Amino acid sequence: SRLLSLAFALSRFSHFLHGPYPATHFGPKACILPNPTSVMHIQDPASQRLTWNKPPVNVLVIRKIRDESLVEPFKELCHFLVEEKGMLVFVERRVVADVSLTTDETFATIRKQLCTFREGYDDISHCIDLIICLGGDGTLLYASSLFQGSVPPVMAFHLGSLGFLTPFKFESYKTEVAKVFEGNAAITLRSRLKVKVVKDMLQRTGQPGQQQYQGSGGQGQVLNEVVVDRGPSSYLSNVDLYLDGRLITSVQGDGVIVSTPTGSTAYAAAAGASMIHPNVPAIMVTPICPHSLSFRPIVVPAGVELMITLSPDARNTCWVSFDGRKRQEISHGDCIKITTSCYPVPSICCHDLVYDWFESLAQCLHWNVRKKQARLADDVSDSSDTEN
């Protein structure tokens, strides 16, 4: 069993990030029909703190590959975890197979103590206590893909190009990692999407029935977004969008993006969507270059199920990808079902979940950067204040 569990220590705050619990009585005689089965208790995000039931032992280190600048930080971190902290470190086999590591005699002792695995072959999901990422946002997306159920806490160091999801600076890695091992760190629960791709076997084999593809892109957890696009075809994509079984619209354009709040600052932002804080429970639907002047991005409740199919009169197939991976073709009769997963990614904050997000907006996306307006000189009066 996993040594770690997440506990949310309640603290005293002057305000809460979630709004107050809404009143259920309206006027003297009206109220909401009581339904005990639908009650959901949501803890205030500001009070979400990481704690350990038992000290962490197994640490997964994910390093951005094909980046020589990360070899030295990787070796430093592994030496610190193995020699100074006594941790059992897991790394992907192709990472330790790097020539710069295999030929380094000073790293040979540490390399022999590393536990290796291969994606798609070895299941490490039940033996990892903590994940440490070295690189950019892609390392966090990759970490999410390795855990299709419960995800260990993720500590991400900014050593990539953008780093919106990686708040920690590597220069102080020993101090920061030691703090996490001690517990009581702020965390952001980044919701994921649970996705199922159901294939219509009648269209493919001539035999009636449906097949739900498992594993390779058939069902999985998505941290950023599900993208449905027209692929190599020159025609517009034409897909129908259902919400809880009801057709709400048809998307005619280059495609559609279904994203989490975390993904709202990725492809969805480039397509004109609003940016949503990761603690807001929601799913965002954003069209890609729609052939309509009135098709604006929308935000729907996190609990709904979205379904995307090819429209009956679509001229071509469409393609779907999950966090930019496992791209596959969608034909007539196939469908993609999307809803919010119950397995979020617990991302450890450098400061707190509000400061980190706005810091990323400012530093990575240069949100609302503008030259400051100069103040008026003291002897210049506003024209609206001109005396009569």
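Owing to the predicted nature of the structure, the values given are computational and were not obtained by experimental measurement. (Residues numbered from 1 in each chain as written. Predicted model: local features only at pLDDT ≥ 70, side-chain atom pairs only at ≥ 80, totals over all residues. Heavy atoms only, no water.)

Trainee: Let's hear about the overall build of the protein: which residues, and what values?
Mentor: From N to C terminus, the protein includes nine helices and 23 strands. The 388 residues of the protein split such that 46% are buried. Counted over contacts in the protein with a minimum sequence separation of 6, partners at least 24 positions apart contribute 72%. Split by element, the accessible area of the protein, about 21200 Å² in all, is 53% carbon and sulfur. (Helix = DSSP H or I, 4+ residues; strand = E, 2+ residues; numbered from the N terminus. Buried < 20%, exposed > 50% of the residue type's maximum accessible area, 1.4 Å probe, protein only. Contact = heavy atoms within 4.5 Å. Areas by Shrake-Rupley, 256 points an atom, 1.4 Å probe, with all protein chains shown as cover.)

Trainee: Explain a nonpolar patch on the surface residue by residue, including any values.
Mentor: There is a patch of nonpolar side chains on the surface, built from V354, F358 and W367 and spanning about 270 Å² of accessible area. For V354, the position within the fold is in helix α9 (residues 353-364). Overall, the relative accessible area of 32% leaves V354 in the partly exposed class. (Patch = residues over 30% accessible without salt bridge, like charges linked within 9 Å, V, L, I, M, F, W, Y side chains within 5 Å. Salt bridge = Lys/Arg side-chain N within 4 Å of Asp/Glu carboxyl O.)

Trainee: How would you explain the sheet that holds strand β21 (residues 325-330) if you had to name every residue and give the values?
Mentor: The strand order β18-β17-β16-β13-β20-β21 describes an open sheet built from six strands, whose pairing is antiparallel. Because the sheet does not close on itself, it has two edges, and the strands there are β18 (298-301) and β21. Within this sheet the neighbouring strands show an average axis-to-axis angle of 20°, counted without direction. As judged from the four bridges shared by strand β20 (residues 318-322) and β21, these two strands associate in the antiparallel manner. Across the sheet, W319 pairs through a bridge with E329, a residue of β21. (Pairing = 2+ DSSP bridges. Axes fitted to C-alpha atoms, helices over the stretch in contact; angles between N-to-C directions.)

Trainee: Describe the pattern of salt bridges, and please don't skip the residues or the numbers.
Mentor: Scanning the model with the defined rule gives nine salt bridges in all. Among the ionic pairs, E72 bridges to K75, the shortest N-O distance being 2.9 Å. Remark: K75 and E72 occur in helix α1 (residues 71-84); sequence separation between them is three residues, near one turn of the helix. Exposure remark for K75: the relative accessible area of 12% places this residue in the buried category. As a salt-bridge pair, R230 and D254 come within 2.8 Å of each other at their nearest N and O atoms. With R230 in the loop between β13 (225-229) and β14 (237-243) and D254 in the loop between β15 (246-253) and β16 (255-259), the pair connects residues that are 24 residues apart, well separated along the chain. Under the relative-accessibility criterion, R230 is labelled partly exposed at 24%.

Trainee: Tell me about the pairing of strand β10 (residues 193-200), and please be specific about residues and values.
Mentor: For β10, the tally of buried residues reaches six of eight residues, placing the bulk of the element in the interior. Sheet topology note: the β10/strand β22 (residues 335-340) ladder contains six bridges and is antiparallel. The partner of V195 across the bridge, within β22, is I338.

Trainee: Could you give an account of the nonpolar core, naming the residues involved and the relevant values?
Mentor: Ranked by size, the top nonpolar core spans 35 residues in total, and within it V61, F74, L81, L114, I132, F157 and I348 carry the most contacts. Counting only elements with at least two residues in this core, the list comes to β4 (58-63), α1, β5 (88-92), α2 (93-96), β7 (130-135), β8 (154-158), α6 (173-182) and β9 (185-190). Among residues more than four places away in sequence, those in contact with L114 are C78, V82, V89, V91, V96 and F107. By size, the runner-up hydrophobic cluster in this structure holds 26 residues, among which are V222, V226, V256 and V300. (Core = buried A, V, L, I, M, F, W, Y, C linked by side-chain atoms within 4.5 Å.)

Trainee: Could you give an account of the confidence of the model for the protein, naming the residues involved and the relevant values?
Mentor: Per-chain confidence: the protein averages 86 in pLDDT, with 82% of residues scoring 70 or above. Low pLDDT (under 50) marks residues 1-14, which in the prediction has 38 contacts with non-local residues, meaning those over four places away or in another chain. Within the model, the stretch residues 213-217 combines pLDDT values under 50 with 12 contacts to residues more than four positions away or in other chains. (pLDDT = per-residue confidence, 0-100.)

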